[in-house]
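Understanding the architecture of this molecule
Below, each chain spelled out in residue letters.
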Amino acid sequence: MNVHSVISGLGKGRPRVDDKRRRILDAALETFAARGYHGTTVPEVAKAARVGTGTLYIYFATKEHLVNEVFRDAKKRLRAALIGDVPAGKAYRLDLAERWFADLWQRLGAFARAEPDAFRFLEMQDHAPYLDAESRGVELSVLAPLWLAGNQMHDRLAGVRVEVLIALVWGAFVGLVKAGRLGYLDVDERTLRDAGQTVWKMVAPRTWRATEPKPKKG
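For clarity, every value in this text was computed on a predicted model and none was experimentally measured.

The rules we used
- Residue positions within a chain follow its written sequence, with the count starting from 1.
- In keeping with the model being predicted, local features are shown solely for residues with a pLDDT of at least 70 and side-chain atom pairs are shown and tallied solely at 80 or more, while totals for entire chains, interfaces and linings include all residues.
- Note that the side-chain values use all heavy atoms of the structure and ignore hydrogens as well as water.
- Secondary structure is summarised from DSSP: a helix means a run of H or I of at least four residues, a strand means a run of E of at least two, and numbering begins at the N terminus for each.
- Only protein chains enter the accessibility calculation, which uses a 1.4 Å probe. A residue is then buried if its area is under 20% of the maximum for its type, exposed if over 50%, and partly exposed in between.
- Residue contacts are counted whenever heavy atoms from the two residues lie within 4.5 Å of one another.
- Here the Shrake-Rupley method, with its probe set to 1.4 Å, supplies the accessible areas, and only the displayed protein chains count as covering residues.
- For patches, a residue must show more than 30% relative accessible area and have no salt bridge; joins then use 9 Å for like charges and 5 Å for nonpolar side chains, namely Val, Leu, Ile, Met, Phe, Trp and Tyr.
- Salt bridge, as applied in this entry: a Lys or Arg side-chain nitrogen positioned within 4 Å of an Asp or Glu carboxyl oxygen.
- Ring geometry is summarised as follows: Phe, Tyr and Trp rings, the Trp one being its six-membered ring, pair when their centres sit within 6.5 Å, and such pairs are stacked at plane angles under 30 degrees, edge-to-face over 60 and tilted between the two.
- Remark: a charge is flagged as sitting over a ring if the NZ atom of Lys or the CZ atom of Arg is within 6 Å of the ring centre and within 35 degrees of the ring normal.

**What to know about the overall build of the chain**
Helix and strand counts for the chain stand at eleven helices and zero strands. Each helix and strand of the chain, ordered N terminal to C terminal, gives the series α-α-α-α-α-α-α-α-α-α-α. With 218 residues in all, the chain has 39% of them scored as buried. Here the analysis covers contacts within the chain between residues at least 6 apart in sequence; of these, 74% occur between residues at least 24 apart. Roughly 12,400 Å² of accessible area belongs to the chain as shown, and the carbon and sulfur atoms make up 55% of that amount.

Below, the structure written as structure tokens:
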């Protein structure tokens, strides 16, 4: 996979014209990412978007409505980055499991670099109290293909449920990105790749790794 092609494809559908609704969403994303939901006020978002507070309320009736729209907008971009070009109902081959994971890990890294505010916002742990049914549906639309892939490739993943492994992988990636953001670690492409290989070895059953075709000699 060409990471640069993934990065260049991110953000499509976000018009550059003076679209007030788009400006509000982008300003809200940046503000929520920096301060969290509870640390952000509607007037602060309006000021960052260069619109009046009353204008903001024309587009978004409440702060909760606004944050749900921001969440769905960011999640859909994450979904497009991870699985946007994967055919629906695709069958995942057991012998290519490691390659599939490496590709997914690399795509996640491309998204985090290209959309730092969106990634920082999505990594926050306090979304649950305010997410509505539509937002939860978008969340499931990102997770469902990962569950499908895991279940298709193996009945049991190292003796752990697929959703547990997804949480472990996500937690490892978030920790890596945070370490880079705080200056504890230089997360370049090599570091990202090495970290992904380490995570794979931690979570993948031996049966998966054993079925990976061995390179031909000569």
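**Brief notes about a nonpolar patch on the surface**
Taken together, the side chains of L182, Y184 and L185 make up a nonpolar region of the molecular surface, amounting to roughly 370 Å² of accessible area. Here L185 is to be found in the loop between α9 (162-181) and α10 (189-203).

**Section: the packing of aromatic side chains**
Here the structure, examined in full by the defined rule, presents nine aromatic pairs. Ring centres of Y37 and Y130 lie 4.5 Å apart, and the angle between their planes is 40 degrees; on these two criteria the pair is classed as tilted. Highlighted residues: Y37 in the loop between α2 (20-35) and α3 (42-49) and Y130 in the loop between α7 (116-123) and α8 (133-153), separated in sequence by 93 residues. Per residue, the accessibility class of Y37 equals that of Y130, and both read buried. One aromatic cluster is present, formed by F101, W105, F119, W170, F173 and W200 through successive ring pairs. If you follow K63 out to its NZ or CZ, it ends over the ring of Y37, 4.4 Å from the centre. Its end group placed over the ring of W170, K75 keeps NZ or CZ at 6.0 Å from the ring centre.

In short, geometric facts, not functional conclusions.
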